[in-house]
Amino acid sequence: MTVGAIPQTSAAVGPLHVMELAGRRADWAATRQAAIAGNIANANTPGYKARDVAAFSADGDRTHLQMVATRANHLTLSPGRLTGGSLTRKEGWDMKHSANNVSLDEQLMKADETAREHQLSLQVMGTFHRMLLTSVSFR
């Protein structure tokens, strides 16, 4: 078994799991971008409340993919060695006098982040597609 190999016991994960996952993430990013565009379009609408799409979840815990060391000298990473700081989000986006909570700065940052995630998903799909074509070519 190699690094990132798909276990044969998992019925939910097929051989093209990477392609399906990248496609779902691209669909999520397109949906989120539409929600952000709606927020920007209604930035001056009195009483409008900004909308967002729930974060993308790859359900990675369901796939049971594990990194496997193929040699004894490979580095291992145990969960006990992972540490992280605590981050708190400050509610710094101001409410306007019209009771509209759309901040153009926040929406533009979200749009940029979502565009990068969408582009990454498309690049993963393209790279995986080229890899599949290379594996079946007869050259």
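Fair warning: this is a prediction, and the values are worked out from it, not measured in the lab.

1. Overview of the overall build of the chain
- Of the regular secondary structure elements, the chain holds 3 helices and 0 strands.
- Residue burial in the chain is summarised as follows: out of 139 residues, 20% are buried.
- Looking at the chain as shown, the accessible area adds up to about 10700 Å², and 59% of this sits on carbon and sulfur atoms.

2. So, a nonpolar patch on the surface
- A surface patch of nonpolar side chains, about 220 Å² in accessible area, is lined by Val18, Leu120 and Val124.
- Turning to its location among the elements, Val18 is positioned in helix H1 (residues 17–41).
- Judged by relative accessible area, Val18 falls into the partly exposed class, the value being 38%.

3. Some words on helix H3 (residues 104–136)
- Here H3 spans 48 Å end to end across 33 residues, near enough to the 48 Å set by a 1.5 Å rise per residue.
- What H3 keeps buried is the set Glu106, Gln107, Lys110, Ala111, Thr114, Glu117, Ser121 and Phe128.
- Buried positions along H3 lie against H1.

4. Section: H1
- In a regular helix each residue adds 1.5 Å, so 25 residues correspond to 36 Å; H1 covers 36 Å between its end C-alpha atoms and thus fits that length.
- His17, Ala22, Gly23, Ala26, Trp28, Ala29, Arg32, Ala35, Ile36 and Asn39 are the residues of H1 that are buried.

5. Brief notes about the pattern of salt bridges
- Counted under the stated rule, the structure contains 7 salt bridges.
- Arg24 is the partner of Glu20 in a salt bridge, and the nearest nitrogen-oxygen pair spans 3.3 Å. On the criterion of helical spacing, the pair formed by Glu20 and Arg24 is a turn pair, its members being 4 residues apart in helix H1.
- Note that Arg32 and Glu113 form a salt bridge whose closest N and O atoms lie 3.8 Å from each other. Within this pair, whereas Arg32 is found in helix H1, its partner Glu113 is found in helix H3, the two being separated by 81 residues in sequence.
- Classification of Arg32 as buried rests on a relative accessible area of 7%.
- Linked by salt bridges that have partners in common, Arg32, Asp52, Glu106, Lys110 and Glu113 make up one network.

6. Thoughts on the side chain of Thr114
- If you trace the backbone, Thr114 turns up in helix H3.
- In contact with Thr114, not counting residues within four places along its chain, are Ala29, Arg32, Gln33 and Ile36.

7. Overview of the environment of Ser121
- Along the chain, the position of Ser121 falls in helix H3.
- Each C-alpha atom, one on Ser121 and one on Ala26, is 5.5 Å from the other, the two residues being 95 residues apart in sequence.
- With residues near it in sequence (within four places) discarded, Ser121 still touches Ala22, Arg25 and Ala26.

8. Section: the packing of H1 against H3
- Two numbers describe how H1 lies on H3: the axes approach to 8 Å, and their chain directions differ by 160°. The angle between H1 and H3 falls in the class roughly antiparallel. For the crossing formed where H1 meets H3, the hand is left-handed.

9. Brief notes about the confidence of the model for the chain
- Summarising the model, the chain shows a mean pLDDT of 75, and 61% of its residues fall at 70 or more.
- Looking over the chain, one finds the lowest element-wise mean pLDDT in helix H2 (residues 60–63), namely 54, and the highest in H3, namely 92.
- Scored below 50 in pLDDT, residues 1–11 makes 21 contacts in the model with residues more than four places away or belonging to other chains.

Cut-offs used in this document
Residues numbered from 1 in each chain as written. Predicted model: local features only at pLDDT ≥ 70, side-chain atom pairs only at ≥ 80, totals over all residues. Heavy atoms only, no water. Helix = DSSP H or I, 4+ residues; strand = E, 2+ residues; numbered from the N terminus. Buried < 20%, exposed > 50% of the residue type's maximum accessible area, 1.4 Å probe, protein only. Areas by Shrake-Rupley, 256 points an atom, 1.4 Å probe, with all protein chains shown as cover. Patch = residues over 30% accessible without salt bridge, like charges linked within 9 Å, V, L, I, M, F, W, Y side chains within 5 Å. Salt bridge = Lys/Arg side-chain N within 4 Å of Asp/Glu carboxyl O. Expected span 1.5 Å × (residues − 1). Contact = heavy atoms within 4.5 Å. Axes fitted to C-alpha atoms, helices over the stretch in contact; angles between N-to-C directions. Parallel < 35°, antiparallel > 145°, perpendicular 65-115°, else oblique. Left-handed = near helix turned anticlockwise from the far one by under 90°. pLDDT = per-residue confidence, 0-100.

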